[in-house]
Amino acid sequence: MTLELFNREVKAAVSSVEMEEDGEYQRQLALFSQSSTEKGIELVRIGEIIARLDRRGSFLDIGAGGGHLTIPVSTTFDATTVVEPNAQQADYLRRRCPGFRVINDAWNNVALGSERFDFILCSHVLYYIAEGRWLDTIEKMYAHLDDRGCLAIVIQSPIGEVAEFFNYFTDYDVNILNLWRELIEIYGDRAVSVRYFINEIFAESLADMTAIGLFLLIDRRFREREDEIRKYLAGRHRTPEGYRLKQEEILLAIRGRNAS
Ligand SMILES: C[S@@+](CC[C@H](N)C(=O)[O-])C[C@H]1O[C@@H](n2cnc3c(N)ncnc32)[C@H](O)[C@@H]1O
């Protein structure tokens, strides 16, 4: 997913969120979700972190989207809070999970007072925030982390087939090593850890893989380049069975001060 878009010309988080109101985006998202092993593998990695928590009282999911992670993760906790600026997604989650506290706003606008959570998840959301604001954004998350809790941040790796796809059409220039170093400087090397995992996106038809490619590129202006995207995917990702794309992801975990 795109980071460069947000650094270069991004129209701030608000416009990105507006994009998600678009029906075509929702179709692409649904196709991506059913064609990728991503959420399954991500849940396994998140489960490894949750298993180490001393307490599983409260869970905060920042940018929950359609709740593909929120809903299964919530079953492990007594209480779940969701921060989601997209009105449709927030309404859906309210209806789907009446027990959740759903805050329909962007993370930077949310005021949670002195509230602390045992587990905070922020998966594939940082792209919606200018890279220069990532550390502040993470600091605000950490301020709401229980001393024995853990914060998990998931982002797209700058290496791999999806990153190559990105770099062909735009730039994917997130400096992950720098972010990692800065997090270690701020929170200490005992608190920060990194997990790397690889997903596979598989679609039987080129039309579906093209829709997924457009989803990955996020900005709907790429729809004007649909033919080019189709050719790229047909040329590089065709297999006898269909179309395959490997997606490499990074999970950055920051443990609270007294976490085991
Ligand atoms: C790509 S989706 C990820 C959904 C889910 N976390 C997952 O990994 O499946 C990104 C979500 O972040 C939300 N979002 C965008 N900007 C945000 C912000 N500033 N604060 C919180 N959420 C935001 C979007 O509305 C969208 O639902």
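Residues numbered from 1 in each chain as written. Predicted model: local features only at pLDDT ≥ 70, side-chain atom pairs only at ≥ 80, totals over all residues.

Draft legend 1. Up close: the overall build of the chain. Secondary structure summary: the chain contains 11 helices and 7 strands in total. Taking the principal axes of the C-alpha coordinates as reference, the chain spans close to 50 × 40 × 35 Å. Taken across its 260 residues, the chain has 38% of its residues classed as buried. For the chain, restricting intrachain contacts to residue pairs at least 6 apart in sequence, the fraction spanning at least 24 positions comes to 73%. (Helix = DSSP H or I, 4+ residues; strand = E, 2+ residues; numbered from the N terminus. Buried ≥ 20, exposed ≤ 12 C-beta atoms within 10 Å, placed from the backbone. Contact = placed C-beta atoms within 7 Å.)

Draft legend 2. Structural detail: the confidence of the model for the chain. Chain-level statistics for the chain give a pLDDT mean of 89 and a share of 91% at 70 or above. Throughout residues 1–19 the model reports pLDDT below 50, and contacts reaching past four residues in sequence, or to other chains, amount to 42 contacts. (pLDDT = per-residue confidence, 0-100.)

Draft legend 3. Broad picture of the environment of Leu43. Along the chain, Leu43 turns up in helix α4 (residues 38–51). For Leu43, a count of 15 C-beta atoms within 10 Å puts it in the partly exposed group.

Draft legend 4. Representation of the pairing of strand β7 (residues 243–255) within the structure. As paired elements, strand β5 (residues 145–156) and β7 share 7 bridges and run antiparallel to each other. Paired with Val154 across the bridge in β7 is Leu251. The sheet contact formed by strand β6 (residues 192–203) and β7 spans 12 bridges and is antiparallel. Bridging from a neighbouring strand, Phe197 pairs with Glu249 of β7. (Pairing = 2+ DSSP bridges.)

Draft legend 5. Molecular detail of the site of the ligand. The local shell around the ligand holds 22 residues, among which Gly63, Gly65, Ala106, Ser123 and Tyr128 are the closest. For the shell around the ligand, a count of residues per class yields 12 nonpolar, 8 polar and 2 charged. (Near = placed C-beta within 6 Å. Nonpolar A, V, L, I, M, F, W, Y, C, P; charged D, E, K, R; others polar.)

Draft legend 6. Expanded view of helix α10 (residues 206–217). Along its 12 residues, α10 runs 16 Å from first to last C-alpha, staying within 8% of the 16 Å computed at 1.5 Å per residue. Burial runs high along α10: 9 of the 12 residues are buried. Buried within α10 are the following residues: Met209, Thr210, Ala211, Ile212, Gly213, Leu214, Phe215, Leu216 and Leu217. Downstream of α10 by a residue or two, Ile218 has a phi angle that is positive, lying close to 60°. (Expected span 1.5 Å × (residues − 1).)

Draft legend 7. Quick peek at the environment of Tyr142. Its location among the elements puts Tyr142 in helix α7 (residues 134–143). What makes Tyr142 partly exposed here is the crowd of 18 C-beta atoms within 10 Å. Filtering out sequence-adjacent residues up to four positions away, Tyr142 remains in contact with Leu151 and Ile254.

Draft legend 8. Main features of helix α8 (residues 161–169). Of all the residues in α8, the buried ones are Val162, Phe165 and Phe166. Buried residues of α8 fall within an arc of 100° about the axis and therefore sit on the same side. Of the surrounding secondary structure, the elements contacted by the buried residues of α8 are β5, α10, α11 (226–236) and β7. (Arc of directions from axis to C-beta.)

Draft legend 9. How the structure looks around the nonpolar core. Membership of the largest hydrophobic core comes to 39 residues, with the highest contact counts inside it found for Ile62, Ile120, Leu121, Leu151, Ala152 and Ile153. Among the secondary structure elements, those contributing two or more residues to this core are β1 (58–62), β2 (79–83), β4 (117–123), β5 and β7. It is β5 that contributes the most residues to this core, 7 residues altogether. In contact with Ala152, not counting residues within four places along its chain, are Ile46, Ile49, Leu121, Leu251 and Ala253. With 19 residues, the next largest nonpolar core counts Phe166, Ala211, Ile212 and Tyr243 among its residues. (Core = buried A, V, L, I, M, F, W, Y, C linked by C-beta atoms within 7 Å.)

Draft legend 10. Representation of the sheet that holds strand β3 (residues 101–103) within the structure. What the 7 strands build is an open sheet, ordered β3-β2-β1-β4-β5-β7-β6; its pairing is mixed. Strands with a single pairing partner mark the edges of an open sheet, and in this sheet they are β3 and β6. Going from strand to strand, the sheet's axes swing by 15° on average, the running direction of each strand aside. With respect to the sheet, α7 is in contact with β1, β4, β5 and β7, its orientation differing from that of β5 by roughly 145°. Sheet strands touched by α8: β5 and β7. Its angle to β7, the strand with the most contacts, is close to 105°. (Axes fitted to C-alpha atoms, helices over the stretch in contact; angles between N-to-C directions.)

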